[in-house]
Amino acid sequence: MTIPQAQVGNVIGLLEVLQDFKGKVDLAKVADELMLELDDILPAVESAKLLHLLQVDSGDLILTEDGKALLAKNASGRKRMLNKTLAGSGEFKAILDFIRNDHGGEVSKDEMKDFLRENMPDLDAEQTFLWIVEWGRYSLLLRYDTDNGKIKLSKAATQKE
Amino acid sequence: MAAGSDSPKLVELRGVTKAYGPMSPRPQVVLEHINLAVRQHEFVSIVGPSGCGKSTLLRIMMGLAKPEDGEVFYHDHKLTGVCEAMSMVFQTFALFPWLNVVENVELGLEGKPFPKEEKRKRSLDAIRVIGLEGYEEAYPRELSGGMKQRVGLARAMVSEPEILLMDEPFSALDPLTSTHLREEVLHLWADPALPPEAVVMVTHNVEEAVYMSDRIVVLTSRPGTIAREVPIEIPRPRDPRSPEIYRLVDEITGMIV
């Protein structure tokens, strides 16, 4: 599964907490410090892991080189970095290809949900759609206009062709 | 870029007293005889027990509320209306649900003498700086709390305010998101190319105040008076887990409770 299922701000916030702990800290300690339940943090941990921004090693969260590089960048730099990571990874790439190849760069929300149901039947299509919009917008890969219900490749994504 | 005591005063409250129901037999005095100056290049936080008038003080500073006694000076001139050189970020974001991100940001330029295209251009610039690029056409209901507050920040920054006022800007956000957004605000603050010249933040979170500020103003409980002013001279960037920070947090918390 390579579609992050946590808010962007939570994932980057987690990395910043990790950096405050010099790049390595026990997961339970993070939860304790932030007065959060483990279940509240795990989606951010999983998402950061699949974006290669942190590693988990016997209960410890460890910031990776990619994670450190991301934190060192400004807002645009972070977007560019995640743009590359997401555009080249598993399901997210498949979704971009679906929009690009079959639909000339634009699909409706319903078409996207049909695609998800067909190809990723284990996922909740509605919720996954929202995560795709969240990360697609942040990384400048996708644009979504609720006025017409269309999701499309942004210029930043199409130029890479 | 901490301010020295010789940096010019941007805004100053002199003998400000604020009461609710001043004509009633028992007026509620919320702020009493506040003398406070904010200087160029200064990040000032106002902390104090709840109900001490912190937010009211911010509103008086901007000219949104009038004090019963005392005056507000902006660059040594008496402020008579709402100060155009300040803008405010609110705890609850205060976005218009029927406007998308770029339209909400453009509201920060309402009344400014720019043509429509210029307003759009400036709004898009602010959106990029605040890390909202890609969300231009999103509506507030589609955004997480952190992204909503970025819209609030972009709307406040788009007019290039000289003084940015923030009223509990992070307290409606979850802990991970607020950590992230605090860092972003400090990044913006550290960039000398960007406005504002000074920040005044109201918060009940003492750790946040110590971590972010050059000076902390501690108010007493109602009626709010200035109990202490504590300069925070720890060099930036700061380590939120350093013993100096812990010591100051303990010291200031002790003054409040």
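Refer to the structure above for everything that follows.
So, here is what we can say about the structure in this document. Per chain, residue numbering runs from 1 following the sequence as it is written. The order in which chains are written sets their letters, starting at A; the order in which ligands are written sets their numbers, starting at 1. Side-chain atom pairs in this predicted model are given and counted only at pLDDT of 80 or more, local residue features only at pLDDT of at least 70, and totals for whole chains, interfaces and linings cover all residues. Only hydrogens and water are set aside when side-chain values are computed; all heavy atoms of the structure are taken into account.

1. Thoughts on the sheet that holds strand E3 (residues 42-47) of chain B
All names here are of chain B.
- Spatially, six strands are ordered E6-E7-E8-E3-E9-E10 in an open sheet, and the strand pairing comes out mixed. Unpaired on one side and paired on the other, strand E6 (86-89) and strand E10 (226-231) mark the two borders of the sheet. Pairs of neighbouring strands in the sheet enclose a mean axial angle of 15°, with direction left out of account.
- Pairing between two strands is assigned when DSSP locates at least 2 bridges connecting them. Secondary structure elements are taken from DSSP: a helix is a run of H or I of four residues or more, a strand is a run of E of two residues or more, and numbering for both begins at the N terminus. Sheet topology places strand E7 (residues 163-167) next to strand E8 (residues 198-202); five bridges connect them, and they run parallel. Looking across to E8, one finds that Ile-163 is bridged to Ala-198. Throughout, an axis means a line fitted to C-alpha atoms (over the contacting stretch in the case of helices), and angles, computed between N-to-C directions, take values from 0 to 180 degrees.

2. Focus: the interface of chain B and chain A
- Counting from both sides, the interface comprises 26 residues of chain B and, opposite them, 29 residues of chain A.
- Both sides together, the interface formed by chain B and chain A hides about 2500 Å², and carbon and sulfur atoms give 50% of it.
- For chain B, the biggest contributors to the area lost against chain A are Glu137(B), Leu176(B) and Arg241(B); these three give 27% of the whole.
- We define a salt bridge as a side-chain nitrogen of Lys or Arg found within 4 Å of a carboxyl oxygen belonging to Asp or Glu. Where chain B packs against chain A, one counts six salt bridges.
- For Arg78(A), the salt bridge identified is with Glu184(B), shortest N-O distance 3.1 Å.
- With eight residues, the top contributor of residues to the side of chain B that touches chain A is helix H5 (residues 175-190) of chain B. Contacts are assigned to residue pairs that have any heavy atoms within 4.5 Å of one another. Buried surface area refers to the total accessible area, computed with a probe of radius 1.4 Å, that the two partners give up upon joining, counted for both partners together.

3. Details of the sheet that holds strand E1 (residues 9-20) of chain B
All names here are of chain B.
- Within the open sheet, the four strands sit side by side as E2-E1-E4-E5. Their pairing is antiparallel. Here the strands that pair on one side only, and so sit at the sheet edges, are strand E2 (28-39) and strand E5 (77-78).
- Bridge analysis of strand E4 (residues 69-74) against E5 gives two bridges, and the strand direction is antiparallel. By the bridge assignment, Phe-73 is partnered in E5 with Lys-78.

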